[in-house]
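Chain by chain, the residues:
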Amino acid sequence: MKVVNFGRSGLVLGLALVGIMAATAQAMAQEVTLRAHHFLGAVSPQHKDFLVPWAERIAKESGGRIKIEVYPSMGLGGKPPQLFDQVKDGVVDIIWTLPGYTPGRFPRTEAFELPFVNGGSVANTLALQDYYEKYLKEEYKDVHVLLLHTHEGNLLHSKKPIRSFADFKAKTIRTPSAGGTLLLEALGANPYHAPVPQVPQLLAKGVVDAVMIPYEVVPPLKVHENVKYHIDVTGPRMNTSVFMLVMNKNSYAKLPADLKKVIDNNSRMKLAPIAGQIWVDVEKPGLAMSKAQGNEFITLNAAETAKIRAAGEKATARWIADVAKKGIDGAALLKDARAMIAKYSTAR
């Protein structure tokens, strides 16, 4: 065998080729850092039990090629109602927020937030994926939807007792959504629309008498320390709130196919059962802390609940009339939303 000696120039060329190959391999890896932004604190269950583990799963399944940095408490600036525009405009890559923080912008989504359209977080969240496919693609066309979901449902946390339908009259109650506003108005209460981080201040300063939230946000906001009563209805909770986990369209489009697949494997129907169960589990600490505080728990009886349901039907009729002005058949949306929730409620 003849040995050819390329000398120093050959060695330099070889090293250069190795460097180019290494750089090419690194470029092919296309490591990506994505910034996720939301409005709750780092101690909230939404952050530590849902968003951070979700980001960690994606990092692991991508072999470390995708890193998602999760910024709580509006750490990248702005206010909660600005989150959707931040992700739409590419200020951040991913956001988690409520469509209800921008009333009127997501009218078809509001069907799931109407009075007594609530089958619990698991059934709601599974149903929302079907509902998105059929009705919501145009509504969310400016972003890449990763998940739409709900919590377990709202109840009232109040400084004053509410033991009957009549007790709602003239109470000022914080609500997160248009559906909540319509219900409270039908109950004779004064709705106060505000993002959930404002709840402690609203209660402490007496701006509101009560707040419409689930138990999950009781611990991080210390709601149990600012109220004395927790009021629910007989049967399913009076309403719920929809949340969105969405991504900037260009941030998603720029990913190579294999990394898109990692994101897809942690989105929509593959993520929905996980998210739904998380929102069942995160109720427990807030309920326990409220009990430990010595607060009173009030469940309105069937007769009083029936009066609230009747008010809810009036609120729903008003919503159907409102969205009809936008060319939307609200009755059809509501019928399908209830059917989809029932389908997954039965499946459980």
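What counts and how
- Residues numbered from 1 in each chain as written.
- Predicted model: local features only at pLDDT ≥ 70, side-chain atom pairs only at ≥ 80, totals over all residues.
- Heavy atoms only, no water.
- Core = buried A, V, L, I, M, F, W, Y, C linked by side-chain atoms within 4.5 Å.
- Buried < 20%, exposed > 50% of the residue type's maximum accessible area, 1.4 Å probe, protein only.
- Helix = DSSP H or I, 4+ residues; strand = E, 2+ residues; numbered from the N terminus.
- Contact = heavy atoms within 4.5 Å.
- Axes fitted to C-alpha atoms, helices over the stretch in contact; angles between N-to-C directions.
- Parallel < 35°, antiparallel > 145°, perpendicular 65-115°, else oblique.
- Pairing = 2+ DSSP bridges.

Some remarks on the nonpolar core
Here is a general trend for soluble globular proteins: nonpolar side chains tend to be buried in one another's company.
Working step 1: If you look at the biggest cluster of nonpolar residues, it comprises 84 residues, and the most contacted ones within it are Phe50 and Leu245.
Working step 2: Among the elements that make up this core, the one with the highest residue count is helix H4 (residues 121-136) (eight residues).
Working step 3: Residue contacts for Leu245: discarding those within four places in its chain leaves Phe50, Leu51, Trp54, Ile94, Ile95, Trp96, Val145, Leu146, Leu147 and Leu271.
Working step 4: Among the nonpolar cores identified, the runner-up in size contains 19 residues, and Phe116, Ile173, Leu187 and Tyr229 belong to it.

Observations regarding the environment of Leu182
Working step 1: Turning to its location among the elements, Leu182 is positioned in helix H5 (residues 178-186).
Working step 2: With relative accessibility at 9%, the residue Leu182 sits in the buried group.
Working step 3: When the C-alpha positions of Leu182 and Asn265 are compared, they lie 37 Å apart, and in sequence the two are 83 residues distant.
Working step 4: Contact partners of Leu182, with chain neighbours within four places excluded, come to Ala315, Arg318, Trp319 and Asp322.

A word on the packing of helix H10 (residues 268-281) against helix H11 (residues 283-292)
Working step 1: The N-to-C vectors of H10 and H11 enclose an angle of 10 degrees; their axes lie 4 Å apart at closest approach. What the angle tells us is that H10 and H11 run roughly parallel. Contacts between H10 and H11 involve Trp279, Val280 and Asp281 from the first element and Glu283, Lys284 and Pro285 from the second.

What about the side chain of Ser177?
Working step 1: The residue Ser177 is located in the loop between strand E6 (172-175) and H5 in this model.
Working step 2: Note on Ser177: relative accessible area 1%, which makes it buried.
Working step 3: The contact partners of Ser177, leaving out residues within four places of it in the chain, are Gly100, Glu113, His193 and Asn239.

A closer look at the sheet that holds E6
Working step 1: Spatially, the six strands line up as an open sheet ordered E7-E6-E8-E5-E9-E11, and their pairing is mixed. Of all strands in the sheet, those bounded by a partner on one side alone are strand E7 (190-193) and strand E11 (296-299). Sheet twist, expressed as the mean angle between neighbouring strand axes with direction ignored, is 25 degrees.
Working step 2: Relative to E11, strand E9 (residues 229-232) is paired through four bridges, and the arrangement is parallel.

Some thoughts on the sheet that holds strand E1 (residues 32-38)
Working step 1: Pairing is mixed in the open sheet, where five strands are placed in the order E2-E1-E3-E10-E4. Strand pairing shows two members of the sheet lacking a second neighbour, strand E2 (66-71) and strand E4 (143-150), which therefore form its edges. This sheet shows a mean twist of 20 degrees between the axes of neighbouring strands, independent of strand direction.
Working step 2: By the bridge criterion, three bridges tie E1 to strand E3 (residues 94-97) in an arrangement that is parallel. Considered in E3, the bridge of His38 is made with Trp96.
Working step 3: Strand contacts of H4: E4 and strand E10 (242-248), with the helix running at about 145 degrees to E4, the strand carrying the most contacts.
Working step 4: The strands touched by H10 are E3, E4 and E10; relative to E4, the strand with the most contacts, the crossing angle is about 35 degrees.

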